[in-house]
Amino acid sequence: MAGNRMGPNKGGIGAGPGPRANAGGPAGQAKAGGPGRPGNGPATPAQPRPQATLEQPVLPPASPAAFEKRHFGLAISFVLLVILPTFLAGFYLYTRAADQYASYVGFSVRSETSATPTDVLGGLGSLVGTSSTTDTDILFKFIQSRDLVERVNAKLDLQAIWSKAPNDPIFSYRGGTALEDLAEEWERKVRIYYDNGMIDLRILAFDAQDAQDIATAILDEGSTLINQLNDIAREDALRYARSELDRAQDLLKTARQNITEFRNRYQLVDPTADVQSQIGVVTSLQQQLAEQLVSLGMLQSNAQANDPRISQTDLRIKIIREQIEAERQKFSSDSDDVALSDVVGQYETLAVDRQFAETTYTAALAAFESARAEAVRQSRYIASYIRPTLAQEAEFPQRSQLLLIIAGFLAVAWVIGSLVFYSLRDRR
């Protein structure tokens, strides 16, 4: 106890292990410090460490990893789920999988866009205009359709072609004669690539000549389809042009018939020409009237008042005026009390209708001739930039790539399954 009490006076050295043994710490320095020293101030009680922390036992170091029974199970699962299936797949690919030959073909639908004579006549040439983009889309769908499968099968017997590898149950055709089975196999053996209006095909078969024959049949059937679309478009254009020509002919006949009826009704071939001739007559009479008036003035100035020439000139002037008045009356009415101006107006209307009918008929006739000329030539056709190829060696199946894909897929599946298994095991 004495040692404990003297501990603070000797610089904080304590004899016992209790809390006061740390008197040389901050608390002891606070008691020993004098005025003006940094340690001067109120004493802060010491914070002892928790007893539980001091008394916690230290764990022994981990033992070296050892190969346990569960590791055997994991290795066996890897062998059974990855190595063995990969070995079996490689054995099948290199021993039983039959060689397949590929034939390639590429084509596009082309359309002629040459100008036609009807383009000058109001743009009627657009009646026979076509677009190749829609045709290519239709052909793309047609190649994937059951209709094409049926047509090619009728020519080449696809079931016999794709069944030439009886020892290959995976790549050989195992279906029946149903069109649905052939269409499903068609999707496996015929690959189509479509890019910017161009179609590329890859056809697989167990014989190189068979693959080329299928590619040629596809190209022929595509040409047949485009020709049918051509025929439909040309028939529509020709039928429309013919109907327009018939309508223009009827319109022209009606206009000419109206002109004929007008002439028979008024007994006038061309009222405009009659008006011009009457105007000429009136103009001539007015010139004669002016001459007679001049002559009368001269006679009245030089001759006697009872000179017979004055009375004759007066009579001539009177007759000329009466004739002018009679000619002017013809402008206002004819024999049926119809104004000549109305007659001329009716004739001008009929003449405009006839001129319009003649112009329409000329344009319709040109459009019909253009459509008929278009119908005798092929405006759309298949342009093949890659003819059906004949393979020299088998490219498929791509054994090494397929084996790598199978091994990678099995390995990834095994890793995921192992992680899931241990995750569920650790949660128990």
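Located above this text is the structure these notes cover.
Everything numeric here is computed off the predicted structure, so don't read it as measured data. (Residues numbered from 1 in each chain as written. Predicted model: local features only at pLDDT ≥ 70, side-chain atom pairs only at ≥ 80, totals over all residues. Heavy atoms only, no water.)

Chemist: Give a detailed account of the overall build of the protein chain, specifying residues and quantitative values.
Modeler: Helix and strand content of the protein chain: 13 helices and four strands. Contacts spanning at least 24 positions in sequence make up 77% of the contacts within the protein chain whose residues lie at least 6 apart. Surface summary for the protein chain: the accessible area is close to 27800 Å², and the carbon and sulfur share equals 56%. (Helix = DSSP H or I, 4+ residues; strand = E, 2+ residues; numbered from the N terminus. Contact = heavy atoms within 4.5 Å. Areas by Shrake-Rupley, 256 points an atom, 1.4 Å probe, with all protein chains shown as cover.)

Chemist: Mind laying out the packing of helix 4 (residues 69-95) against helix 13 (residues 399-426), listing which residues take part and the relevant values?
Modeler: At a minimum axis distance of 10 Å, the contact between helix 4 and helix 13 shows a crossing angle of 160°. The angle between helix 4 and helix 13 falls in the class roughly antiparallel. For helix 4 against helix 13, the interelement crossing comes out right-handed. Between helix 4, through Arg 70, Leu 74, Ser 77, Phe 78, Leu 81, Val 82, Pro 85, Thr 86, Ala 89, Gly 90, Leu 93 and Tyr 94, and helix 13, the contact on the second element is made entirely by Arg 399, Ser 400, Leu 402, Leu 403, Ile 406, Ala 407, Leu 410, Ala 411, Trp 414, Ser 418, Tyr 422 and Arg 425. In terms of residue class, the contact of helix 4 with helix 13 is made up of 16 nonpolar, five polar and three charged. (Axes fitted to C-alpha atoms, helices over the stretch in contact; angles between N-to-C directions. Parallel < 35°, antiparallel > 145°, perpendicular 65-115°, else oblique. Left-handed = near helix turned anticlockwise from the far one by under 90°. Nonpolar A, V, L, I, M, F, W, Y, C, P; charged D, E, K, R; others polar.)

Chemist: Summarise the pairing of strand 3 (residues 198-205); cite the residues concerned and give the values.
Modeler: With six of eight residues buried, strand 3 lies mostly within the body of the structure. Sheet topology note: the strand 1 (residues 101-111)/strand 3 ladder contains eight bridges and is antiparallel. Following the sheet pairing, Ser 103 is matched in strand 3 by Ile 203. Hairpin connection between strand 2 (residues 190-195) and strand 3: a loop of two residues separates the two successive antiparallel strands, and Asn 196 in this loop has a positive phi of roughly 55°. (Buried < 20%, exposed > 50% of the residue type's maximum accessible area, 1.4 Å probe, protein only. Pairing = 2+ DSSP bridges.)

Chemist: Which residues make up a nonpolar patch on the surface, and what values do they have?
Modeler: The grouping of Phe 72, Ile 76, Leu 80, Leu 81, Leu 84, Phe 87, Leu 88 and Phe 91 at the surface amounts to a nonpolar patch, some 830 Å² of accessible area in total. As for its placement among the helices and strands, Leu 88 is situated in helix 4. (Patch = residues over 30% accessible without salt bridge, like charges linked within 9 Å, V, L, I, M, F, W, Y side chains within 5 Å. Salt bridge = Lys/Arg side-chain N within 4 Å of Asp/Glu carboxyl O.)

Chemist: Lay out helix 6 (residues 146-156) with the relevant residues and their values.
Modeler: Leu 148, Val 149 and Val 152 are the residues of helix 6 that are buried. For helix 6, the angular spread of the buried residues around the axis is 100°, confining them to a single face. Following helix 6 by one or two positions, Asp 157 has its phi on the positive side, about 60°. (Arc of directions from axis to C-beta.)

Chemist: Before we move on, can you summarise the nonpolar core with the specific residues and values?
Modeler: Counting 32 residues, the largest nonpolar core has Phe 107, Leu 139, Trp 186 and Ile 218 as its most contacted members. Elements with a minimum of two residues in this core: strand 1, helix 5 (132-143), helix 6, helix 7 (158-161), helix 8 (179-189), strand 3 and helix 9 (208-266). A total of nine residues in this core trace back to one element, the largest contributor, which is helix 9. Discounting residues that sit within four places of it in the chain, Ile 218 has contacts with Ile 143, Leu 148, Trp 186, Val 190, Leu 201 and Ile 203. (Core = buried A, V, L, I, M, F, W, Y, C linked by side-chain atoms within 4.5 Å.)

Chemist: So what's going on with the side chain of Gln 100? Which residues, and what values?
Modeler: Tracing the backbone through its elements, the reader meets Gln 100 in the loop between helix 4 and strand 1. Apart from residues lying up to four places away in sequence, Gln 100 is in contact with Phe 171, Lys 189, Leu 204, Ala 205, Phe 206, Ala 394, Glu 395, Phe 396 and Pro 397.

Chemist: Hey, could you go over unusual backbone geometry for me, with residue numbers and the actual values?
Modeler: In this model, Phe 396 is joined to Pro 397 through a cis peptide bond whose omega is 0°. With respect to the element layout, Pro 397 can be found in the loop between strand 4 (380-386) and helix 13. Phi is positive for Asp 157, which is not a glycine, with a value near 60°. Note that Asp 157 resides in the loop between helix 6 and helix 7. Taking relative accessible area as the criterion, Asp 157 reaches 39% and is therefore assigned partly exposed. You will see that Asn 196, though not glycine, has its phi angle at about 55°, which is positive. If you trace the backbone, Asn 196 turns up in the loop between strand 2 and strand 3. Judged by its relative accessible area of 72%, Asn 196 is exposed.

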